[in-house]
Amino acid sequence: MPFNYKTELKQYRKYYQSIEPIFTKPSSRGYTTVIFSFLAVSLFGWYAIRPTIQTILYLRREIADKTELNKEMEDKISALIEAQAYYQQIEPLLPVVDQALPPQPDAVPFFIQLRNVASASGVLLSTIQTPTIPLVSNSLQKGQATSPPASQPAYIVTIQVRGLYDGVKSFLTNVNNLRRVVTVDSINISPTDTTHVSSQSALPSSRLLQASLELKTYYLTK
Amino acid sequence: MDNDRDLLLISVFTFFTVCLWITFELLKTVKTTTVSATTQQIIIPLSSKIDVDTLSAIANKKVY
């Protein structure tokens, strides 16, 4: 059934007619104006002004960030070019680093070096002792975490040398001057026990010294 | 009359709340960087200096 406004509107008249006296009061009219003004400003502020200002501020921030980024990128490119030049300059020296701090424990080459140092210094290398040494550095073993170790991996080598004062002194100097990174943890020098000296030695036993050294040598894990 | 006053208070508080909300949103926009974390990692400054003195000192040591 269609809505007939001429007849049926009368029944709703009482509602809007009852509102009329309220709006005739000046105080109510004022309150209503103020309330709707606040609500309108809030609504438009949230849905219209905020996105606009936010976009403006975002774009300004983006411009500032991109400008700074551009400058930092240029600095980094310059630094990379400079580093490449330095690298080419020091490239012949790089194998030296591997010799000083090998990527593997390289125990046998180290022992050979100690033996050669002893021969060059004129002392007798009588003992070499070492605890268990890994054959490969930890980073090459499967299943190992790739996080860097807390301290530089190293192993301890205990050696005993016998010789004259000058020889022992030269040996210590040469060990200190080895390219392989070695630290002397402890050293104990004592006169050689006369009963211990080989009868084949041409040196007088009273002048012989025996030095026990605890060396620590390092290797690299990547 | 009391009804009008209540509605006015509600609208005023709504207005101030919206104003504060807008202010904080705008402050957040200003303070938040637009550079991604990956880009920030890329632009970490690089020192191109290499300690040549140490390398030379190592090279001067002996291998037996």
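Everything quoted here is computed from the prediction, not taken from an experiment.

Engineer: Looking at this structure, I do not really get the overall build of chain A. What am I missing?
Structural biologist: A tally of regular secondary structure across chain A gives six helices and four strands. Counting every position in chain A, which comprises 222 residues, the buried fraction comes to 13%. Considering only contacts within chain A whose residues lie at least 6 apart along the sequence, 80% involve residues at least 24 apart.

Engineer: Can you help me understand helix α1 (residues 2-31) of chain B in this one?
Structural biologist: Two residues of an α-helix separated by three or four positions point the same way, owing to the 3.6 residues in each turn. Compared with the 44 Å implied by 1.5 Å per residue over 30 residues, the 43 Å span of α1 of chain B between its first and last C-alpha is a close match. Of all 30 residues in α1 of chain B, two are buried; the element is thus mostly exposed.

Engineer: Mind showing me how you'd approach the pairing of strand β3 (residues 182-191) of chain A here?
Structural biologist: Consecutive side chains of a regular strand alternate in pointing toward one face of the sheet and then the other. Residues and elements named next belong to chain A. Across the 10 residues of β3, one count as buried, placing the element largely on the outside. As judged from the nine bridges shared by β3 and strand β4 (residues 209-218), these two strands associate in the antiparallel manner. By the bridge assignment for β4, I187 is matched with L213.

Engineer: Looking at this structure, I do not really get the nonpolar core. What am I missing?
Structural biologist: Most often, soluble globular proteins keep nonpolar side chains buried together rather than apart. Residues and elements named next belong to chain A. The biggest cluster of nonpolar side chains holds 15 residues, and the ones touching the most others in it are V117, A118, I159, V161 and F171. Put simply, the parts of the chain that give this core at least two residues each are α5 (107-121), β2 (154-163), α6 (165-176) and β4. Those residues in contact with V161 that lie beyond four places of it in its chain are A118, V123, L124, L125, S126, V168, F171 and A211.

Engineer: Hey, could you run me through the interface of chain A and chain B in this one?
Structural biologist: By convention, interface size is frequently given as the accessible area that disappears when the constituent parts associate. Opposite the 41 residues of chain A that make contact, chain B presents 31 residues. Elements that contribute at least two residues to the side of chain A that touches chain B include exactly α3 (26-90), α4 (94-100) and α5 of chain A. Considered class by class, the residues forming the side of chain A that touches chain B number 24 nonpolar, eight polar and nine charged.

Engineer: Explain α3 of chain A to me, please; I cannot follow it from the model alone.
Structural biologist: Residues and elements named next belong to chain A. Between its terminal C-alpha atoms α3 stretches 91 Å, which fits the 96 Å expected from 65 residues at 1.5 Å a residue. The largest bend along α3 measures about 45° and falls at G45. Of all the 65 residues making up α3, two are buried; the element is thus mostly uncovered.

Engineer: Any chance you could explain the sheet that holds β4 of chain A here in plain terms?
Structural biologist: In sheet architecture, strand pairing relies on hydrogen bonds along the backbone and comes in two forms, parallel and antiparallel. All names here are of chain A. The strand order across the open sheet formed by four strands is β1-β2-β4-β3, and the pairing between neighbours is antiparallel. One side of each edge strand has no neighbouring strand; the edge strands of this open sheet are β1 (124-129) and β3. Strand after strand, the sheet turns through a mean of 20° between neighbouring axes, direction not considered. By the bridge criterion, 10 bridges tie β2 to β4 in an arrangement that is antiparallel. Paired with V161 across the strands is A211, a residue of β4. Against the sheet, α6 makes contact with β2, β3 and β4, and its axis sits at roughly 160° relative to β2, the strand it touches most.

Engineer: Whenever I open this one, the environment of Y86 of chain A confuses me. Can you help?
Structural biologist: By the secondary structure assignment, Y86 of chain A is in helix α3. For Y86 of chain A, a count of 14 C-beta atoms within 10 Å corresponds to the partly exposed category. When sequence neighbours within four positions are dropped, the list of residues in contact with Y86 of chain A reads S48 and I50 of chain B.

Engineer: Explain unusual backbone geometry here, please?
Structural biologist: Residues other than glycine predominantly adopt negative phi, and peptide bonds predominantly adopt the trans conformation. Here the phi dihedral of D106 of chain A falls at roughly 45°; this positive angle occurs in a residue that is not glycine. Its place among the elements puts D106 of chain A in the loop between α4 and α5.

Engineer: What am I meant to see in the packing of α3 of chain A against α1 of chain B here?
Structural biologist: To describe two helices that pack against each other, one gives the angle between their axes and the distance between the axes. The geometry of α3 of chain A relative to α1 of chain B is characterised by a closest axis approach of 9 Å and an angle of 5° between their N-to-C directions. By the angle between their directions, the pair α3 of chain A and α1 of chain B is classed as roughly parallel. Tallied by class, the residues present in the contact of α3 of chain A with α1 of chain B amount to 19 nonpolar, seven polar and four charged.

Each value, and the rule that gives it
Residues numbered from 1 in each chain as written. Chains lettered and ligands numbered in written order. Predicted model: local features only at pLDDT ≥ 70, side-chain atom pairs only at ≥ 80, totals over all residues. Helix = DSSP H or I, 4+ residues; strand = E, 2+ residues; numbered from the N terminus. Buried ≥ 20, exposed ≤ 12 C-beta atoms within 10 Å, placed from the backbone. Contact = placed C-beta atoms within 7 Å. Expected span 1.5 Å × (residues − 1). Pairing = 2+ DSSP bridges. Core = buried A, V, L, I, M, F, W, Y, C linked by C-beta atoms within 7 Å. Nonpolar A, V, L, I, M, F, W, Y, C, P; charged D, E, K, R; others polar. Bend = angle between axes of the 7 residues up to and from the residue. Axes fitted to C-alpha atoms, helices over the stretch in contact; angles between N-to-C directions. Parallel < 35°, antiparallel > 145°, perpendicular 65-115°, else oblique.

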